[in-house]
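Fold and contact review
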Amino acid sequence: MPAASEPPALPSLPQTWHPVGIRIAVVFFGLTLVAVSAGAWFGFDADVRERFTFLQRATLVFFGLAMAFLGWLLWRCRATAEMEGLVVVNGLRRRVYAWEEILGVHLPPGAPWATLDLADGTTVSVLGLQGSDGDRAQRGV
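What comes next is a walk through the structure. Given the structure is predicted, the values throughout are model-derived calculations rather than measurements.

Comments concerning the environment of A119
Along the chain, A119 falls in the loop between strand 6 (113-118) and strand 7 (123-130). Overall, A119 belongs to the exposed group, its relative accessible area being 53%. As a C-alpha pair, A119 and Q56 span 63 residues in sequence and 51 Å in three-dimensional space. Not counting residues up to four positions away in its chain, the partners in contact with A119 are E100, E101 and L103.

A short note on the side chain of R76
Residue placement: R76 occurs in the loop between helix 3 (54-75) and strand 2 (78-81). Salt bridges are absent for the buried R76, whose nearest opposite-charge side chain, E82, sits at 12 Å. In this structure, R76 is in contact with V89, G91, L92 and R93, ignoring residues within four places of it in sequence.

Quick look at the nonpolar core
Formed by 16 residues in total, the largest nonpolar core has its most connected members in L86, V88, Y97, I102, L116, L118 and V126. Of all the elements in the fold, those that place two or more residues in this core are strand 2, strand 3 (85-90), strand 6 and strand 7. If we skip the residues at most four places from it in the chain, Y97 touches E84, G85, L86, V88, I102, L116, L118 and V124.

Things to note about the side chain of Q130
For Q130, the location among the structural elements is in strand 7. At 2.9 Å, the side chain of Q130 and the backbone oxygen of L127 are in polar contact. What Q130 contacts, discounting residues up to four positions off in sequence, is P19, I22, P112, W113 and A137.

So, the environment of L127
For L127, the location among the structural elements is in strand 7. Once the C-alpha coordinates of L127 and A114 are considered, the two residues, 13 residues apart in sequence, prove to be 6.9 Å apart. Apart from the residues within four sequence positions on either side, L127 is in contact with P19, C77, N90 and W113.

Observations regarding the pairing of strand 3
On any regular strand, side chains alternate: one points to one face of the sheet, the next to the other face. Within strand 3, 6 of the 6 residues are buried, which leaves the element mostly enclosed by the surrounding structure. Here strand 2 runs beside strand 3; their pairing, made up of 4 bridges, is antiparallel. Directly across from A79, in strand 3, lies its bridge partner V88. Here strand 2 folds back onto strand 3 in antiparallel fashion, the turn holding 3 residues. Pairing geometry for strand 3 and strand 4 (residues 93-98), over 6 bridges, is antiparallel. Residue pairing for strand 4: G85 is matched across the bridge by A98.

Structural notes on the packing of aromatic side chains
Under the definition given, this model contains 6 aromatic pairs. Note on W41 and F52: the rings are 5.2 Å apart at their centroids and 65 degrees apart in plane angle, and the pair reads as edge-to-face. Linking W41 in helix 1 (residues 20-43) with F52 in the loop between helix 2 (46-50) and helix 3, this pair joins segments that are 11 residues apart in sequence. In this structure W41 comes out as partly exposed when scored by relative accessible area, which is 24%. For F52, a relative accessible area of 24% corresponds to the partly exposed category. Through a chain of ring-to-ring contacts, the aromatic side chains of W41, F44 and F52 assemble into a single cluster.

What counts and how
- Residues numbered from 1 in each chain as written.
- Predicted model: local features only at pLDDT ≥ 70, side-chain atom pairs only at ≥ 80, totals over all residues.
- Heavy atoms only, no water.
- Helix = DSSP H or I, 4+ residues; strand = E, 2+ residues; numbered from the N terminus.
- Buried < 20%, exposed > 50% of the residue type's maximum accessible area, 1.4 Å probe, protein only.
- Contact = heavy atoms within 4.5 Å.
- Lys, Arg positive; Asp, Glu negative; His and termini not counted.
- Salt bridge = Lys/Arg side-chain N within 4 Å of Asp/Glu carboxyl O.
- Core = buried A, V, L, I, M, F, W, Y, C linked by side-chain atoms within 4.5 Å.
- Polar contact = N/O pair within 3.5 Å; in protein donor to acceptor, adjacent residues only side chain to side chain.
- Pairing = 2+ DSSP bridges.
- Phe/Tyr/Trp six-rings, centres within 6.5 Å; stacked < 30°, edge-to-face > 60°.

Any functional reading would require information that these geometric values do not contain.
This is the structure in structure tokens:
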């Protein structure tokens, strides 16, 4: 049998895939937001900073924490192939699928992320395999 017709070697399990592009974006935009906010705050004169009320300061802190929370949700997205099945973490939700439940995995060109076709007729998005990661995501699929 020629070498070209042999199937690719399967990865050793467990194997985890994280979206690289999203992680870079979370770090870049998070640091940019902190730098711009700090620069603006310390760029104000002391009398301008004193005019901010407690509620206004608390609102700014709340929005900063909300952005950090959203970044953390994007950061933790992953897909982990284990011997028992596939673990998919999308935001706050963690799902475990047995291999028998999964009929197929698709990541067509131009798709934002991979999708799983399940035996019950539903599909599930897998944010851990981002189309923007290119060949790395295709190898994961």
